Amino acid sequence: MEQVQPRTMPELIDDVIWQILVRIPPDESAYLAGASLVCKLWRRIISDPGFARRYRELHRTPPLLGFLHNTESGLSFFPTPAACPFPQPAFDFRRRWALDYRRLGALDCRHGRVLLRQSHKRNLLVWDPITGDQKELPNPPHIPLLLYSAMVLCAVAGCDHGDCIGGPFLVVLVASCSSGSARGCVYSSEARAWGTPASLHLGNGHLVNVKRPALIGDDAYFITCHDNAKILRYNLDKNRFSAIDLPDGYSSWTVDVMPTDDGWLGLACIRDSNLCLWSREVNPMGGVARWVQRRVIQLEKLPSINISCKRASVVGFAEGAGVIFVTINTSTFFMIELKSGRVRELSEVAGFFRFLPFMSFYNPGSASNVLPLPAERK
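Not measured: the values here are computed from a predicted model. (Residues numbered from 1 in each chain as written. Predicted model: local features only at pLDDT ≥ 70, side-chain atom pairs only at ≥ 80, totals over all residues. Heavy atoms only, no water.)

Asks: When you look at the overall build of the protein chain in this model, what are you seeing that I'm missing?
Replies: When its secondary structure is counted, the protein chain shows five helices and 25 strands. The buried share of the protein chain, reckoned over its 378 residues, is 51%. Of the contacts formed within the protein chain by residues at least 6 apart in sequence, a portion of 53% connects residues at least 24 apart. (Helix = DSSP H or I, 4+ residues; strand = E, 2+ residues; numbered from the N terminus. Buried < 20%, exposed > 50% of the residue type's maximum accessible area, 1.4 Å probe, protein only. Contact = heavy atoms within 4.5 Å.)

Asks: How should the pattern of salt bridges be read in this particular structure?
Replies: As a working rule, side chains carrying opposite charge can pair if their charged atoms are close by. What the rule picks out here adds up to 11 salt bridges. The salt bridge involving arginine 212 is made with aspartate 108; its shortest N-O contact spans 3.0 Å. Of this pair, arginine 212 sits in the loop between strand E12 (207-208) and strand E13 (214-216) while aspartate 108 sits in strand E3 (residues 104-110), placing them 104 residues apart in sequence. The class for aspartate 108 is buried, based on a relative accessible area of 0%. For aspartate 133, the salt bridge identified is with lysine 135, shortest N-O distance 2.6 Å. On the basis of relative accessibility, which here comes to 36%, the residue aspartate 133 falls in the partly exposed class. (Salt bridge = Lys/Arg side-chain N within 4 Å of Asp/Glu carboxyl O.)

Asks: I tried to follow the pairing of strand E16 (residues 240-245) on my own but got confused; where do I start?
Replies: Looking down a regular strand, the side chains alternate between one sheet face and the other. Bridge analysis of strand E15 (residues 230-235) against E16 gives six bridges, and the strand direction is antiparallel. Bridge pairing in E16 places asparagine 235 opposite arginine 240. (Pairing = 2+ DSSP bridges.)

Asks: Can you walk me through the nonpolar core in this structure?
Replies: Generally speaking, soluble globular proteins have nonpolar side chains that are buried together. Residues Leu275, Ile324 and Ile336 are the most contacted members of the largest nonpolar core, which totals 19 residues. At the level of elements, strand E18 (265-271), strand E19 (274-282), strand E21 (312-318), strand E22 (323-328) and strand E23 (332-337) are the ones that each hand at least two residues to this core. Among all residues touching leucine 275, those that are not within four sequence positions of it are Cys269, Ile270, Arg295, Val296, Ile297, Leu299, Val314, Ile324 and Leu338. (Core = buried A, V, L, I, M, F, W, Y, C linked by side-chain atoms within 4.5 Å.)

Asks: Explanation requested: the packing of aromatic side chains in the structure shown.
Replies: Both the distance between ring centres and the angle between the ring planes are used here to describe each pair of aromatic rings. Counting across every chain of the model gives four aromatic pairs. Ring geometry for tyrosine 234 against phenylalanine 241: centres 4.6 Å apart, planes inclined by 20°, an arrangement best described as stacked. Accessibility expressed as a relative area gives 0% for tyrosine 234, which makes it buried. An aromatic cluster of three or more residues is present, and its members are Phe169, Tyr187 and Trp194. (Phe/Tyr/Trp six-rings, centres within 6.5 Å; stacked < 30°, edge-to-face > 60°.)

Asks: It is not clear to me how the pairing of E21 should be interpreted in this structure. Could you clarify?
Replies: With respect to burial, E21 is a largely interior element, six of its seven residues being buried. Counting the residues between successive antiparallel strands, the hairpin from E21 to E22 contains four residues, one of them, glycine 320, with a positive phi of roughly 85°.

Asks: Explain the sheet that holds strand E4 (residues 113-118) to me, please; I cannot follow it from the model alone.
Replies: Backbone hydrogen bonds are what pair the strands of a sheet, in a parallel or an antiparallel way. Ordered in space as E3-E4-E5-E6, the four strands form an open sheet in which the pairing is antiparallel. Strands with a single pairing partner mark the edges of an open sheet, and in this sheet they are E3 and strand E6 (134-136). Within the sheet, the average angular offset between the axes of one strand and its neighbour, ignoring direction, is 20°. Note: E4 against strand E5 (residues 123-127), five bridges, orientation antiparallel. (Axes fitted to C-alpha atoms, helices over the stretch in contact; angles between N-to-C directions.)

This is the structure we're talking about:
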């Protein structure tokens, strides 16, 4: 019988180091970056594809590396503490978009991609900051790009969207049309074409709100602007619209749609200095859906926030990360972590129009993760 040789001490040490490094939280990735600089052994461990794969499997939700926001002076990127080791050249829009960055507006940021609007051309552009890849989309037929909202999402079957880099994608666009109708269409990068449009008549005065839509399963959710505002549910699999009423007493300007942690449609809104979180839940007995207020956070009791006699509103969210962005009097901005209650004032942000989170796993030990600085546009 062949004897199994005992493992040597260096192998045991390697295993211990591997197990320690893989447990560094994604939102403290500065420690992971520092560890990769300690010695060649540690860098080799962190650079190993098996380490990166296990790291994503263990932590599942990618960290919030930062957010893009549209301002009066153009498009900007604001990093969070989790992005300390994250190389930023691709987000330097003054260099990256030498002539056009002031004409760019971000519509959505999801699954490692950014959906941009080119105002001078009135068309859409999908950009992958990790690879630097850009794809300019043709305008959808029979849908005016005047007042609309849109999202970009990964189209790789079975992907958990923790580390989407390259591959096929979809763009979902919903626009306001004449006579109070909403019309939606889906672009496929594999087909290089827009699909058959779907439409829903809502009545005069209903316009698509430009707020960031939410994705839950095969359903994309948009909000309309109206005294009797609706949530538009666009089923991507069936290419079909339906409408959902907001909870009583709320308008489209005071709420943001977002997915809840358990997969329901959620709403975040501010009323009487309170951040109110709702979910659209289905009764398992009768199958009837209803709005349920799940949580109320008193903003005045949170550290760093004083909103007495001031106007506050929700301006963005990061799904999975439990982060909500709030503006006070449209001049002061805060990032609120729902689980910890931690509040961070975003004092560097000014003149905002939209907050879009950029979430991705970043492995500082891998050369392939260093963002290239693409050539400037002519």
